[in-house]
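Observations on the model geometry
Below are the chains, spelled out letter by letter.
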Amino acid sequence: MTDKTVYIISGPTAVGKSLISYYLAKRIGGEVVNCDSIQLYKYMDIGSAKPSEREMGAVKHHLYSLVEPDDNMTVARYREMALETIDDILSRGKTPIVCGGTGLYLNSILYDMSFADSEADEERRAELEELAEKNGNEYMHQYLEALDPEAAARIHPNNLRKIIRAIEAFEYGKGVLDLSECSMNPNYDFRFIVLNMEREWLYERINKRVVRLIKLGLVEEVSSLLDKGYDPSLPSMKGIGYKEIIGYLNGEYDLVDAEELTMKNTRHYAKRQITWLKRYDFARWVEIHKGETVGDIVDRILDYYG
RNA sequence: GGCGACAUAGCCAAGUGGUAAGGCAGAGGUCUGCAAAACCUUCACCCCCGGUUCAAAUCCGGGUGUCGCCU
């Protein structure tokens, strides 16, 4: 371990990232830094499966419950906060343990990404969305092609969201860059662990977790968010578990359907996360087997990097 | 036992003579400012046997199975 060592504990949802990070932190005197887009929000504790009070009390946890659910979060802001937090932890002689499965946020720490030249502008975005509404995806894709052919070539014509972002980015600066043009963040020595387990077992855990979250009061949590006035269209409220419960509360289907939908969407999410994480050829994959204790897994993580 | 209906992918399902829609699930993938988001790719010789026909998931006969009704 060096004085710039930063652990990253990632993996699909429900593999046990939080628990393992917690034990790892206890073992090496680390502090946990959240890298989960939904756990960043306040009042969204049950649905986002944040670490328990006890865990948060025993080990320092950063960037949890930080912003209001209607806050306009972006990767750029996340990056800023995360790097600041990591530097602070290092300056106190502790080891940061970045824990989470939001791939884009992970990238923002891992790579020397620059967001400075492409500010997001609400008004311009609304304009572009309207233009798209009127003329369709194909039109927007051609529009982008005229501005930034390279970006257009990378973005599928149906992916309107990315097309609009690329147009914005182009108008503000150098456009949307490809990650391959970035180098690794040179300020840290990363120890990047991807936790994984047999697909079937993971799906089983996901299903059980959804049942548990509902038992713990997810429905109440969601209705209290709605009572506070948070709009279902907010990105935070589109989180898995939240949007499905909102549908139930609106009478679109019953609770059993909401539960099944949540399970399904969580499974899909886990799969996308695994796909994303495969890109990091420098990551060490730790396969968790049934019957292993958290201690065993932490041992293996520590052994990995000698 | 009789009569009738149906049998298409893991599930739902379209197709009634011209070489198997679609949805869901599953699998794989893309990714620099909404990322728990957005988007893409992929997945069947149509219950079995025989017949008619240039051509059958589609028509005919016989099996088998499921469902319904009757006795």
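Residues numbered from 1 in each chain as written. Chains lettered and ligands numbered in written order. Predicted model: local features only at pLDDT ≥ 70, side-chain atom pairs only at ≥ 80, totals over all residues. Heavy atoms only, no water.

**A closer look at the overall build of chain A**
What counts here: Each helix corresponds to a stretch of at least 4 residues labelled H or I by DSSP, and each strand to a stretch of at least 2 residues labelled E; elements are numbered beginning at the N terminus. Summary of the burial criterion: residues with accessible area below 20% of their type's maximum are buried, those above 50% are exposed, and those between are partly exposed, where the area comes from a 1.4 Å probe applied to protein chains only. Working rule for contacts: check all heavy atoms of both residues, and any pair within 4.5 Å makes them a contact. Using a 1.4 Å probe, accessible areas were evaluated by the Shrake-Rupley method; residue-level cover was limited to the displayed protein chains.
Broken down by element type, chain A carries 13 helices and six strands. Here the C-alpha coordinates of chain A stretch approximately 55 × 50 × 35 Å along the principal axes. Residue burial in chain A is summarised as follows: out of 306 residues, 46% are buried. Excluding contacts between residues fewer than 6 apart, the proportion of contacts in chain A whose partners are at least 24 apart in sequence is 73%. Here chain A displays about 15,400 Å² of accessible surface, and carbon together with sulfur accounts for 49% of that area.

**Focus on the pattern of salt bridges**
Heads up, the condition is: Every case where a carboxyl oxygen of Asp or Glu lies within 4 Å of a side-chain nitrogen of Lys or Arg is listed as a salt bridge.
Across all of its chains, the model carries 14 salt bridges by this definition. Note that Arg92 and Asp88 form a salt bridge whose closest N and O atoms lie 3.0 Å from each other. The class of Asp88 is partly exposed, set by a relative accessible area of 35%. The structure contains a network of salt bridges with shared partners spanning Glu31, Asp88 and Arg92.

**Details of the nonpolar core**
Applicable threshold: By nonpolar core is meant a set of buried Ala, Val, Leu, Ile, Met, Phe, Trp, Tyr and Cys residues that side-chain atoms within 4.5 Å join together.
With 48 residues, the main nonpolar core has Tyr78, Val98 and Phe192 as its most contacted residues. Of all the elements in the fold, those that place two or more residues in this core are β1 (5-10), α3 (75-91), α4 (103-110), β5 (189-196), α9 (199-216), α10 (218-227), α11 (242-249) and α12 (255-277). Take this core: its biggest share by element is eight residues, from α3. Apart from the residues lying within four places of it in its own chain, the contact partners of Val98 are Val6, Tyr7, Ile8, Ile9, Val33, Cys35, Ile86, Leu106 and Ile109. In terms of nonpolar packing, the next biggest core, distinct from the first, is built from 29 residues, Ala14, Ala25, Ala270 and Leu302 among them.

**Digging into unusual backbone geometry**
In this model, Ala14 sits at a positive phi of 75°, which is unusual for a non-glycine residue. Tracing the backbone through its elements, the reader meets Ala14 in the loop between β1 and α1 (17-28). For Leu63, which is not a glycine, the phi torsion comes out positive at approximately 65°. Mapped onto the secondary structure, Leu63 falls in the loop between β3 (61-62) and α3.

**A short note on the protein's contact with RNA strand B**
Under the convention used in this document: Note on definitions. A residue lies near a molecule or strand when any single heavy atom of the residue is within 4 Å of it. Here a polar contact is recorded for every N or O atom pair within 3.5 Å, except that within protein the pair must consist of a potential hydrogen donor and a potential acceptor, and residues adjacent in sequence are included only if both atoms are side-chain atoms. Polar here means any residue outside two lists: the nonpolar Ala, Val, Leu, Ile, Met, Phe, Trp, Tyr, Cys and Pro, and the charged Asp, Glu, Lys and Arg; Gly therefore counts as polar.
RNA strand B sits among 47 residues. The nearest are Ser37, Phe115, Asn159, Arg161 and Arg272. The contact in question runs from a phosphate oxygen of RNA strand B to an N or O atom on the side chain of His268, over 2.6 Å. Residue Lys271 places a side-chain N or O atom 2.8 Å away from a base nitrogen belonging to RNA strand B. When residues of the surface near RNA strand B are traced back to their parent elements, those giving at least two are α3, α4, α5 (122-135), α8 (160-172), α9 and α12. The element that contributes the greatest number of residues to the surface near RNA strand B is α12, accounting for eight residues. Of the residues belonging to the surface near RNA strand B, the class tally is 18 nonpolar, 13 polar and 16 charged.

**With respect to the domain arrangement of chain A**
The condition that has to hold: Each domain span listed reflects an automatic or database assignment of domains. Once two parts are joined, some of their accessible surface, as seen by a 1.4 Å probe, is lost; buried area is that loss totalled over both.
Split by domain assignment, chain A resolves into domain 1 (5-115 + 176-304) and domain 2 (118-172). If you average the C-alpha positions of domain 1 and of domain 2, the two centres end up 29 Å apart. Counting residues at the interface gives five residues for domain 1, matched by eight residues for domain 2. Summing the contributions of domain 1 and of domain 2, the shared interface buries around 470 Å²; its carbon and sulfur component is 38%. One can count one salt bridge joining domain 1 with domain 2.

**Looking at the environment of Val194**
Locating Val194 in the fold gives a position in strand β5. Taking the C-alpha atoms as reference, Val194 lies 9.4 Å from Gly101; in sequence the two are 93 residues apart.

**Some details on the confidence of the model for chain A**
Interpretation of the predicted coordinates at a detailed level should be avoided for regions scoring low in pLDDT. Here is the rule we go by: pLDDT: the predictor's confidence for each residue, scored from 0 to 100.
Across chain A, the average pLDDT comes to 94, with 98% of residues at 70 or higher. Interface confidence in the predicted complex, given as ipTM, is 0.93; pTM for the same model is 0.93.

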